Amino acid sequence: NRSTFVERFFIVKGLTFKIYNHIKELPNSWDNVAVSNVFLQTHYLEVLEKSAPTNMQCFYIGIFENQELIGVSLAQYLDLNLLESFGERDKCFKTLIRNFIFKNFASHTLFLGNNMITGQNGYAFSKEIDFEHISEILMESAKEITIYFKNKNIKIHLVSFKDFYEHCSVELKKYSLSNTYEFNTQPNMIFYLDRKWKNKEDYIGSFSKKYRDQYKRAHKKFDGIQVKELTYDEVVLHEETLYDLYHYVAKNAPFNTFFLAKNHFSTMKKQCQNHFLIFGYFLQEKLVGFHTILLNGTVLETYFLGYDSQVQKENMLYLNMLYNMTEYGIENGFEKIIFGRTALEIKSSIGAIPVNMSGFIYHNNKLINKYIGSIFKKLEPEVEWQMRHPFK
């Protein structure tokens, strides 16, 4: 009755992988291999171990070539039965049906990759590995974790391989993922920052009149709100309010598969320190909103945020947060900002552009899997939006 992973699993000659349940078991060279991606480094993985969503369990996959660690990967199991809500914004019959189907046919879901963030953050290698082997590692890892849960009398319904940029998905589906349904959800909004911009003035100066006016209007509404980067102690002090503000936004999203743990932000700040920044928005000394960012090499990753709905409406809080994140990215020399896949139109109005990402998905029930494409299309909420072009 296998409830932990001990052995290595053979893939091809010289190449094996091993699955770990806990950070303390990871090989010493893990962070050297994960150097290119903060979301695979142990200080971030420890955040997941200490304060993952209550319905999530993480697994860490080490890939070896002749005993040497050359690749690292992340998998997450989600039990959607433990979820308080799938999202409360769209109260309609279609949503009720979708929720019923998720509860009964997709409540035990395994993600290869990180379901908490947008972007290709599922694996990293310290040397060139071809896509044939990558696809095989992903598929075999999924099978092993499925067996692990089967031995605990838990049946994994859905397996999803998450977030690949187009050139990678094209290659991956030539091999082990060739018979797995490929899906595209909303695009990832990415802002490629112009190298000529050195400060906020350069950025605003490049807007056309309409979007300069939008900036001025938002800036005027923002008057009276103080923005402050929070220290670890301040995050602890405001933890409850931070969570309430986050929870309001998360609960009103069109669809959810998890809610953060209540100690997530303080754990994140403690573990990631200067790589993780929380900016609090104060109105008359009361915390009314916050946004968070992660510094990932030359990439600025936006993380979770929250706000008081009344203040957001009256003070254009969300739009001002987007401008502030952009300003931070420009002034600190980042190449791009990953804004994720919500609020597409407003993000395009500040300069982000849509980048399509693919995922792959299969159901462990062969009959359901046969129709997974048409089922998925019916369940995925369609978003109509208009791309904005803010620059001259």
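All values derive from a computational prediction rather than experimental measurement.

Caption draft 1: Representation of the pairing of strand S16 (residues 357–363) in the model. Burial of S16 is extensive: seven of the seven residues sit out of reach of the surface. The alternating pattern of S16 places Met 357, Gly 359, Ile 361 and His 363 and Ser 358, Phe 360 and Tyr 362 on opposite faces, both of which are buried. Sheet topology note: the strand S7 (residues 158–165)/S16 ladder contains six bridges and is antiparallel. Among the inter-strand pairings, Phe 161 is bridged to a residue of S16, identified as Phe 360. The pairing of strand S8 (residues 181–184) with S16 spans four bridges and is classified as antiparallel. By the bridge assignment, Glu 182 is partnered in S16 with Phe 360.

Caption draft 2: Quick look at unusual backbone geometry. Phi at Gln 273 takes a positive value of approximately 45°, unusual for a residue other than glycine. Secondary-structure assignment places Gln 273 in the loop between helix H10 (264–272) and strand S11 (276–283). With relative accessibility at 53%, the residue Gln 273 sits in the exposed group. If you check the backbone angles, Met 316 has positive phi at about 50° while not being a glycine. Following the sequence through the fold, Met 316 ends up in the loop between helix H11 (309–315) and helix H12 (317–331).

Caption draft 3: Inspection of the packing of helix H7 (residues 209–221) against H12 at higher detail. Running from amino to carboxyl end, H7 crosses H12 at an angle of 110°, the nearest separation of the two axes being 9 Å. Taken together, the axis directions place H7 and H12 in an arrangement best described as roughly perpendicular. Note that H7 runs across H12; the crossing there is left-handed. In this structure, H7 uses Tyr 211, Gln 214, Tyr 215, Ala 218 and His 219 to contact H12, whose residues at the interface are Leu 319, Asn 320 and Tyr 323. For the contact of H7 with H12, the residue count by class is five nonpolar, three polar and no charged.

Conventions adopted
Residues numbered from 1 in each chain as written. Predicted model: local features only at pLDDT ≥ 70, side-chain atom pairs only at ≥ 80, totals over all residues. Heavy atoms only, no water. Buried < 20%, exposed > 50% of the residue type's maximum accessible area, 1.4 Å probe, protein only. Helix = DSSP H or I, 4+ residues; strand = E, 2+ residues; numbered from the N terminus. Pairing = 2+ DSSP bridges. Axes fitted to C-alpha atoms, helices over the stretch in contact; angles between N-to-C directions. Parallel < 35°, antiparallel > 145°, perpendicular 65-115°, else oblique. Left-handed = near helix turned anticlockwise from the far one by under 90°. Contact = heavy atoms within 4.5 Å. Nonpolar A, V, L, I, M, F, W, Y, C, P; charged D, E, K, R; others polar.

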